[in-house]
Amino acid sequence: MRTAVITAAGQVETREIPVPDIGDSEVLVRIAACGICTMEANLYAGRMTVYPAAAGHEISGWVERIGAKAAALEDMPAVGSLVALDGLPRCGACRSCRRGQTAICVALQGHKREDGAITMGAGLAEYIALPASRVWSVGDADPAVAAMGEPLACVVHSLRRGGFRAGDRVTVIGAATWAISTSPSPRSSRPVASR
Ligand SMILES: [Zn+2]
Ligand SMILES: [Zn+2]
């Protein structure tokens, strides 16, 4: 499969690597769309210097193959269905992870992929293998919109942490993805409203 790897400031390489194998509890997803976030912009600009980086963590795609244990899960999306992914690696063991604050995990990077690239989402590729617990069905959404599931989840999480409720009047500063996603959320987002 083809994958894009950021190898240095201002440099992106297209590589040909094997389609990843999956374990029993994993799912292979054929990637439909992948967003470019601040992390990718920082890597490309040289403000963040973790090279070579297999970046891209705002991902949607179609389930291609399901491991045996994952297939037995009740709500496992079927082969062919569109899913949103949580592609960012977390250690699961640091203080932040153990407290449920995985967004500030001390391990900012994942593992080294076969081609030596450090996984930081690894969504700029044709396929990705992930644990079944990090794959969610999104019905017949537009794949490009489904790829925004990750930033939207961050927005909902930050609104919950802020203690906002439906109907609250808020000021949103900025006009990028997070700000745009935040704007309608207090009024329209059920997770926030149900708190
Ligand atoms: Zn992001
Ligand atoms: Zn951690």
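Quick notes on the rules
One numbering rule holds for all chains: residues counted from 1, following each sequence as written. Here the convention is simple: chains get letters from A, ligands get numbers from 1, in the order in which they are written. pLDDT decides what is reported in this predicted model: residues at 70 or higher carry local features, side-chain atom pairs at 80 or more are listed and counted, and totals for whole chains, interfaces and linings draw on all residues regardless. Each helix corresponds to a stretch of at least 4 residues labelled H or I by DSSP, and each strand to a stretch of at least 2 residues labelled E; elements are numbered beginning at the N terminus. Within these notes, the globule rule equals 2.2 Å times the number of residues to the 0.38 power, and the radius of gyration is based on C-alpha atoms. Comment: burial labels come from other C-beta atoms within 10 Å of the residue's own C-beta, placed from the backbone, where a count of 20 or more is buried, 12 or fewer is exposed, and between is partly exposed. Criterion used throughout: strands pair if DSSP finds at least two bridges between them. Domain borders in the structure are assigned automatically or taken from a domain database. In this description, any two residues whose backbone-derived C-beta atoms lie within 7 Å of each other are considered to be in contact. All amino acids are sorted into three groups, where Ala, Val, Leu, Ile, Met, Phe, Trp, Tyr, Cys and Pro are nonpolar, Asp, Glu, Lys and Arg are charged, and the leftover types, Gly among them, are polar.

**Observations regarding the overall build of the protein**
Part 1 of the argument: A tally of regular secondary structure across the protein gives eight helices and nine strands.
Part 2 of the argument: Taking 16 Å as the expected radius of gyration for a compact globule of 195 residues, we find that the protein reaches 17 Å, a close match to that expectation.
Part 3 of the argument: Projected onto its principal axes, the C-alpha positions of the protein cover 50 × 45 × 35 Å.
Part 4 of the argument: Sorting the 195 residues of the protein into buried and exposed places 30% on the buried side.

**Quick word on unusual backbone geometry**
Among all residues except glycine, the phi angle is most often negative; among peptide bonds, the trans geometry is most common.
Part 1 of the argument: A cis amide bond, omega -10°, links Tyr 51 with the succeeding residue Pro 52.
Part 2 of the argument: Note that Pro 52 resides in the loop between α1 (38-45) and β4 (53-55).
Part 3 of the argument: Of note, Ala 122 is a non-glycine position whose phi angle comes to about 55°, a positive value.
Part 4 of the argument: Note on placement: Ala 122 falls in the loop between β7 (118-120) and β8 (127-131).

**Considerations on the environment of Ala 32**
Part 1 of the argument: Within the fold, Ala 32 resides in strand β3 (residues 26-35).
Part 2 of the argument: Remark: the alpha-carbon pair of Ala 32 and Ala 147, spanning 115 residues in sequence, is separated by 8.3 Å.

**Some details on the pairing of strand β6 (residues 82-85)**
Part 1 of the argument: Residue alternation in β6 divides its side chains into two sets, Leu 82 and Ala 84 and Val 83 and Leu 85, and both sets are buried.
Part 2 of the argument: In this sheet, strand β9 (residues 135-137) lies alongside β6 in antiparallel orientation, the contact comprising three bridges. Bridging from a neighbouring strand, Ala 84 pairs with Trp 136 of β9.

**Describing the domain arrangement of the protein**
Part 1 of the argument: Taken domain by domain, the protein comprises domain 1 (2-141) and domain 2 (148-195).
Part 2 of the argument: Taking only C-alpha atoms into account, the centre of domain 1 sits 24 Å from that of domain 2.
Part 3 of the argument: Listed as interface residues are seven residues of domain 1 and, on the opposing side, four residues of domain 2.
Part 4 of the argument: When grouped by side-chain class, the residues that make up the side of domain 1 that touches domain 2 number two nonpolar, three polar and two charged.

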